[in-house]
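Examination of the molecular architecture
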Amino acid sequence: MTGTKTGAEIIVQSLIDAGVEVVFGFPGGQVIPLYNELYQRADDIRHILTRHEQGAAHAADGYARATGRVGVCIATSGPGATNLVTGLATAHMDSVPVVALTGQVWTNKIGNDSFQEADIYGISIPITKYNYLVKQADQLAQVIKEAFHIAATGRPGPVLIDIPSDLQTADIKPRKVGPVKLPGYAPVSKGHPRQIEAILRALKDARRPVIYAGGGVIASSASKELRRFVEKTGIPITTTLMGKGIFPEDHPLHLGMLGMHGTKYANCAIFESDLVIAMGVRFDDRVAGDVHRFAPQARFIHIDIDAAEIGKRLAVAIPIVGDLKAILAMLNEKSEPVGRERWTRKIAALKEEHPLTWEDDGTIKPQYVIKTLSDMTRGEIVVTTDVGQHQMWAAQYMCTTEPRRFMTSGGLGTMGYGFPAAIGAQIGCPDRTVVCLTGDGSFQMCIQELATVRMYNLPVKMFIFNNGCLGMVRQWQQFFWDKRYSHTVFDYNPDFCKVAAGYDIEALRVTEPAKVGEAIDRALHTDGPVVVDFVVAPEENVMPFIPSGRGQTDFFGEGDE
Amino acid sequence: MRKMISILVRNHPGVLSHVAGLFTRRAYNIESIAAGVTENPDVTRITIVVSGDEIILEQVTKQLRKLIDIIKVQDLKYSESITRELVLMTIYAPKEKRHEIIRIANTFGATVVDVGAKTMTLEFVGNDRKINTVILSLEAFKIKELARTGLVALPLESEMESDRTLL
């Protein structure tokens, strides 16, 4: 028919119109028409084939976090769609803008338990910001436009669009796409002036203020404004795992990360403060195990774009809903430095008193590897991590100075995230070195993506902290379960160098501390992907450690024995 | 504590799943939920009665506001709203007790809508307190089956000069 287009043509055109340059995906029966169109438009939109849909979802997430753009992933119906679930839940917990397109069985077959049918619309409701099951082909363009708008604005998040395959082949007359009309969706941007005034007064009165800032600063692109605010007011700052890089970690006013495995000085400073200025954070239980013993003497200011985060875990004296960038700009105009010599001296003393350390004993300590990598690269690389002990050591020892340079599954804690996220980050930042810090447990959860880095010759550096066990759970078993290491010590592990060789990827194994620097240097100077298998101390523990539900200075090992 | 929330949502398939899903995911307790299209066919009104402590009840409103399909969320106070619910109940009614049942029904303004060989079915419309009173009064006769629509509510327009006894 003349003047008509297929649904698939409209989908791909809509992606291109939304500014999408690359999608991550895996084909299947109910997305053949869509893949047919991707084949024909290969010059206009790049498709990266992963080896598992979970890899595609994490890669889209990594791409989004590294670039600040919306990441896109594609999967077929049924198992393809359900394989995206972990990736979408990960993105949802960390507020990452991702659009997922899934194929669905024909419209008239929905509900019949058809081959490869799953109710991904129903399944994804609690793990997406919004989702669609499109029933008419002429709505596709409008839905896709809306989906990108929802994913990227306000508090960002993943959006899923389920598209039956008969819609992809339908011939329709394309309609003009109108503006996005969502009557109930209007994220607040500016902060209320009265609250701004209240904040300024509180800042003036505070004797022991601390800034507690997180991932919201990245989502709002407010790092510059934050830095100005800190330097103007001279208030010390601690950042969350999600906030790594929003403020240079080598700055004298930075206290490192707070919370369960945060620095002692950050947690002590929070505990002693009389004013906590929370920005783009959610008082997560890994940050504030017991909200009543978090900052018992403090008043709280909470700045966030999501009104539902304010007052969710603790009562806040001065709430302000809005975009951090705008609010910080308003605060910067009027805030003045206040001399707080005693507090500044106290902070310096806390830092002096409780530095992060580890003990060398002839084995390779993961902390040492990360510190060495950090010193050698000086904030210039993009780091992704998996989940567990190595993640916490990375948070402690990897000095990050810019936003979007440290990506980790903070909220959901998804083992298997790091490697595919590194693939996405490398696609998004082709000129930057991307290093995935992973464990032998986590790496095996998405190890199939070695084929992806090989196929596209992506120069991702994979550093495995190989302790032969699931270290974080083992640590808890050691501390709280009488060392009954139930299924946390691997009786068998593959030879990661041989695995890499099977994928035609260069690999090296490091067993002595003296060879660590050399190995890192070699990996960083290798073109193409490299696997480095660091055989590390098997029973090393992440310290400091505040066990779940305890007060902010209730460190493990002090009064526990 | 209990709270009544009236929400306006975009009328399309799936919107109820989003609302109900929020309550499951966040472990909120729904006491009743009633949905129906409004004067505008594109808009559905859902009236929800939810229980929890003060912090939870505030969270419920905030989390509902976050749903993309929600157009408006309104916390309704019982004292400033008109609330109604419909209940149907089938009661075991042997011949000798029918008079008594009808007498109670008349007292409350309930209507007999069906009479079976051994049962009578009554219909009653009122606010939830009155409904509970009616049910309590008829429980002695043994209720065979009972169906409630869930509370619907609108803000009271005549709030200022209100004759509260009307409620």
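Residues numbered from 1 in each chain as written. Chains lettered and ligands numbered in written order. Predicted model: local features only at pLDDT ≥ 70, side-chain atom pairs only at ≥ 80, totals over all residues.

Time to look at the nonpolar core. Ranked by size, the top nonpolar core spans 174 residues in total, and within it A:Cys73, A:Val98 and A:Val99 carry the most contacts. Judged by nonpolar contacts, the second largest core, of 16 residues, contains B:Met4, B:Ile7, B:Val9 and B:Val49. (Core = buried A, V, L, I, M, F, W, Y, C linked by C-beta atoms within 7 Å. Buried ≥ 20, exposed ≤ 12 C-beta atoms within 10 Å, placed from the backbone.)

Residue and element names in this part refer to chain A. Spatially, the six strands line up as an open sheet ordered E3-E2-E4-E5-E7-E6, and their pairing is parallel. Edge positions in the sheet fall to strand E3 (46-49) and strand E6 (130-133), since each of these pairs with one other strand and no more. Ignoring strand direction, the axes of neighbouring strands in this sheet form an average angle of 20 degrees. Judged from the four bridges that link them, E6 and strand E7 (residues 158-164) form a sheet pairing that is parallel. Across the sheet, the residue bridging to Tyr 132 is Ile 161, located in E7. (Pairing = 2+ DSSP bridges. Helix = DSSP H or I, 4+ residues; strand = E, 2+ residues; numbered from the N terminus. Axes fitted to C-alpha atoms, helices over the stretch in contact; angles between N-to-C directions.)

Let us now look at the sheet that holds strand E13 (residues 299-304) of chain A. All names here are of chain A. Strand order in the open sheet formed by six strands is E11-E10-E9-E12-E13-E14, with parallel pairing between adjacent strands. Lying at the two open borders of the sheet, with one neighbouring strand each, are strand E11 (254-257) and strand E14 (318-321). The sheet shows a mean angle of 15 degrees between the axes of neighbouring strands, taken without regard to direction. Docked against the sheet, helix H12 (residues 264-272) engages strand E9 (209-213), strand E10 (237-239), E11 and strand E12 (275-279), running at close to 110 degrees with respect to E11. (Contact = placed C-beta atoms within 7 Å.)

Residues and elements named next belong to chain A. Strand E17 (residues 434-439) sits mainly inside the fold: six of its six residues count as buried. Bridging between E17 and strand E18 (residues 461-466) involves five bridges; their strand directions are parallel. Each bridged residue has a counterpart across the sheet, and for Thr 438 the counterpart in E18 is Ile 464.

Our focus in this paragraph is helix H14 (residues 341-353) of chain A. Residues and elements named next belong to chain A. Taking 1.5 Å as the rise per residue, H14 with 13 residues should run 18 Å; its terminal C-alpha atoms sit 18 Å apart, in good agreement. Where H14 is concerned, the buried positions are Trp 343, Ile 347 and Lys 351. When H14 is viewed along its axis, its buried side chains cluster within an angular range of 80 degrees and face the same direction. Counted as exposed and oriented over 90 degrees from the buried face of H14: Glu 341, Arg 342, Arg 345, Ala 349, Glu 352 and Glu 353. Its buried side turned inward, H14 meets H12. (Expected span 1.5 Å × (residues − 1). Arc of directions from axis to C-beta.)

Okay, the environment of B:Lys144 next. By secondary structure assignment, the location of B:Lys144 is in strand E8 (residues 143-148). Sequence-distant contacts of B:Lys144, that is, excluding residues within four places in its chain, are made with B:Thr90, B:Ile91, B:Tyr92 and B:Thr119.

Residues and elements named next belong to chain B. As far as domains go, chain B holds domain 1 (2-76) and domain 2 (82-154). Put simply, the middle of domain 1 and the middle of domain 2, counted by C-alpha atoms, are 28 Å apart. The interface is formed by eight residues belonging to domain 1 together with five residues belonging to domain 2. Breaking the side of domain 1 that touches domain 2 down by element, the ones donating at least two residues are strand E1 (2-10), strand E2 (29-37) and strand E3 (43-51). Looking at the side of domain 1 that touches domain 2 residue by residue, the classes come out as five nonpolar, three polar and no charged. (Domains from an automatic or database assignment. Nonpolar A, V, L, I, M, F, W, Y, C, P; charged D, E, K, R; others polar.)

Okay, unusual backbone geometry next. Residue and element names in this part refer to chain A. Note that the residue after Met 543, namely Pro 544, is joined by a cis bond; omega there is -5 degrees. Among the secondary structure elements, Pro 544 is positioned in the segment after strand E20 (530-535). Phi is positive for Arg 378, which is not a glycine, with a value near 45 degrees. Its location among the elements puts Arg 378 in the loop between helix H15 (366-377) and strand E15 (382-385).

All names here are of chain A. The interhelical angle for the contact between helix H11 (residues 223-233) and helix H13 (residues 324-334), taken along N-to-C directions, is 30 degrees, at an axis separation of 9 Å. Classified by the angle their axes make, H11 and H13 are roughly parallel. In this structure, H11 meets H13 at a crossing whose hand is left-handed. In this structure, H11 uses Glu 225, Leu 226, Arg 228, Phe 229 and Lys 232 to contact H13, whose residues at the interface are Lys 325, Leu 328, Ala 329, Leu 331 and Asn 332. In terms of residue class, the contact of H11 with H13 is made up of five nonpolar, one polar and four charged. (Parallel < 35°, antiparallel > 145°, perpendicular 65-115°, else oblique. Left-handed = near helix turned anticlockwise from the far one by under 90°.)

Turning our eyes to something else, we now look at the domain arrangement of chain A. Residues and elements named next belong to chain A. Split into domains, chain A comes out as domain 1 (5-172), domain 2 (193-353) and domain 3 (366-535). Computed over C-alpha atoms, the centres of domain 2 and domain 3 are 30 Å apart. Tallying the contact residues gives 12 residues for domain 2 and 13 residues for domain 3. Partitioning the side of domain 2 that touches domain 3 into residue classes produces six nonpolar, three polar and three charged.

Turning next to the interface of chain B and chain A. Chain B puts 16 residues into the contact, and the matching count from chain A is 15 residues. Mapped by element, the contributors of at least two residues to the side of chain B that touches chain A are helix H1 (15-25), helix H2 (54-66) and strand E4 (70-76) of chain B. Element by element, the count of residues in the side of chain B that touches chain A is highest for H2(B), at six residues. Tallied by class, residues from the side of chain B that touches chain A come to three nonpolar, six polar and seven charged.

All names here are of chain A. Looking at where Val 369 falls in the secondary structure, it is placed in helix H15. Sequence separation of Val 369 and Ala 394 is 25 residues, and the distance between their C-alpha atoms is 9.6 Å. Those residues within four positions of Val 369 in sequence are excluded, and the remaining contacts are Ile 364, Val 516 and Phe 534.

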